[in-house]
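One letter stands for each residue in the lines below.
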Amino acid sequence: MTLLTVWKETDPSTPVLETTDETEIREALAELGARFSRWEVKDVAPGASQDEVLALYQGEIDEVKQREGYTLVDVVALDPAQADYDEVKTPFREKFLSEHKHDDDEDRYFAKGAGVFYLHANEKVHAVYCEAGDLISVPANTTHWFDMGTSPHYVSVRFFHDDDGWVGHFTGSPIAESFASFDQLSARRAQLV
């Protein structure tokens, strides 16, 4: 169940919107120029290679590439079963945990697991708890951050227009430290189920 939580940028303790309704989520994100949709979830085998994941979703990927003009697609995954998990999970999480923006759109499909995108726009913070089946597009130059939690476990497909589009331009703002973390939003989502 996808969860959207919206706060005023100056009040991280009191949500002004909390919803799991897909239509409401789509409409709220559209106001920011962000796209949100859902695909049918397919069974990604544990330890599936990038090529296997891309083949599983080839039709959906081709449609997004054609519609949005993406030329590059890859897969990122973290799994507690991988040999280097304990060494990579913290630095991987911290990489984009601070507010930043990209010169390109950031489109990501969650094939497995979950992550939270925080979009900071219009004097609000929109936290989108994405789960398997969710495709989200953060527009270019939108300040945001991403949290995958303290025990990340996910497989996601990323779309690019070029190699340089996803370089993070960090704002230096500590705003991300003030809002609910992935783990806190995951707990809240469980309460709502």
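Residues numbered from 1 in each chain as written. Predicted model: local features only at pLDDT ≥ 70, side-chain atom pairs only at ≥ 80, totals over all residues. Heavy atoms only, no water.

Chemist: Explanation requested: the sheet that holds strand β4 (residues 72-78) in the structure shown.
Modeler: Strands pair in a sheet through their backbones, by hydrogen bonds, and they do so in one of two ways: parallel or antiparallel. Pairing in this open sheet of five strands is antiparallel, and the strands run β3-β9-β6-β11-β4 from one edge to the other. Two strands in the sheet have a free side with no partner beyond their single neighbour: β3 (35-38) and β4. Ignoring strand direction, the axes of neighbouring strands in this sheet form an average angle of 20°. Bridging between strand β6 (residues 106-112) and strand β9 (residues 134-138) involves four bridges; their strand directions are antiparallel. The residue bridging D107 from the neighbouring strand is S137, located in β9. (Pairing = 2+ DSSP bridges. Helix = DSSP H or I, 4+ residues; strand = E, 2+ residues; numbered from the N terminus. Axes fitted to C-alpha atoms, helices over the stretch in contact; angles between N-to-C directions.)

Chemist: Is there a simple way to think about the side chain of T5 in this case?
Modeler: In this fold, T5 is placed in strand β1 (residues 3-8). Not counting chain neighbours up to four residues away, the residues in contact with T5 comprise P15, L17, E18, V125, H126, A127 and L185. (Contact = heavy atoms within 4.5 Å.)

Chemist: I would appreciate a short explanation of the nonpolar core in the present structure.
Modeler: Formed by 22 residues in total, the largest nonpolar core has its most connected members in L4, L29, F117 and L119. If we ignore the near neighbours within four places in the chain, the residues touching L29 are L4, A34, F36, L119, V128 and I136. Core analysis: the second largest hydrophobic core is formed by 16 residues, W39, Y57, I61 and V155 among them. (Core = buried A, V, L, I, M, F, W, Y, C linked by side-chain atoms within 4.5 Å. Buried < 20%, exposed > 50% of the residue type's maximum accessible area, 1.4 Å probe, protein only.)

Chemist: Can you walk me through the environment of A28 in this structure?
Modeler: Here A28 is to be found in helix α1 (residues 22-30). Sequence separation of A28 and L17 is 11 residues, and the distance between their C-alpha atoms is 9.6 Å. Filtering out sequence-adjacent residues up to four positions away, A28 remains in contact with L4 and L17.

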